[in-house]
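Structural description and commentary
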Amino acid sequence: MTQTTSDPIAAYWWAVRHYRWLVAALAAIALAFAGILFAQQQSAPPRYEATALVIANELAHSPEQLPRLAETLLARDSVAEDAVEAGGLPWSPQELREEHVELTPLEQNVLIEVTGKATEPELAAQTANSVADALAESLNRPGSGVGVFSIQHRASPPTEPAGDQTLTYLLLGGLALAVLLPLGTVALLFGTRLPVTRPADAAEALDTPVLGVMWLPGWHRAQRPWQASSELNRT
């Protein structure tokens, strides 16, 4: 027998009430999962960022080539090794490149912003300055064939941790998951097992007129998704 309903929205909300314990359990699981991630993220040490600026005083090539050249030089062990050795940084060259420094081209690619990242403000500034010094030296090494570079601005220790949107995303994601997971599960159950919630649905499913309605014990009138008299009149 195929069960149908003439009012899918009303029937769906009936299903939400019917599976209310499942809805509550899934929502609680989603919120607990988001809470665990939130607590782990909040317990992580703060991250500080400091920036230094490398400027191209002269360029022998197109400015568009400078960002790629800078990234290429940083990818080589020599620049990272020089920065780690000169600055006394507590990381390997690979860790420095992957986790603690970022290069950003500015002002039509004639400026390179070197951002140092660390859990201590002094170390973040030291990282940015060490990488900027090593990068400028490496860019100047070929001589006039590439250009002339210098440090325009040296990094200072930041006074506050860098803004992190991760906690906001976790909160919003947890709330969205707590709503969508239970409602989506109910929708899946509802789609595979359509309920008969009204006399008209029973008449349509059985292709037989409904002669009467029997209320089961404990079925409160406030929980009835239809008005019996009006439905019986329509059937």
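Thresholds applied
- Residues numbered from 1 in each chain as written.
- Predicted model: local features only at pLDDT ≥ 70, side-chain atom pairs only at ≥ 80, totals over all residues.
- Heavy atoms only, no water.
- Helix = DSSP H or I, 4+ residues; strand = E, 2+ residues; numbered from the N terminus.
- Expected span 1.5 Å × (residues − 1).
- Buried < 20%, exposed > 50% of the residue type's maximum accessible area, 1.4 Å probe, protein only.
- Pairing = 2+ DSSP bridges.
- Axes fitted to C-alpha atoms, helices over the stretch in contact; angles between N-to-C directions.
- Contact = heavy atoms within 4.5 Å.

1. Things to note about helix H6 (residues 121-140)
In a regular helix each residue adds 1.5 Å, so 20 residues correspond to 28 Å; H6 covers 29 Å between its end C-alpha atoms and thus fits that length. Of all 20 residues in H6, 15 are buried, a share of seventy percent or more.

2. A word on the sheet that holds strand E1 (residues 48-59)
Strand order in the open sheet formed by four strands is E2-E3-E1-E4, and the pairing between neighbours is antiparallel. Looking at which strands have only one partner, the edges of the open sheet turn out to be strand E2 (101-106) and strand E4 (147-153). For this sheet, the mean angle separating the axes of adjacent strands, direction not counted, is 25°. Relative to E4, E1 is paired through six bridges, and the arrangement is antiparallel. Paired with glutamate 58 across the strands is valine 148, a residue of E4. Contacting E1, E2, strand E3 (111-118) and E4, helix H3 (residues 66-75) runs over the sheet at an angle of about 165° to E2. Contacting E1, E2, E3 and E4, H6 crosses the sheet at an angle of about 20° to E1.

3. Points about the environment of leucine 89
Note on placement: leucine 89 falls in the loop between helix H4 (77-87) and helix H5 (93-100). According to the relative accessible area criterion, leucine 89 is buried, its value standing at 6%.

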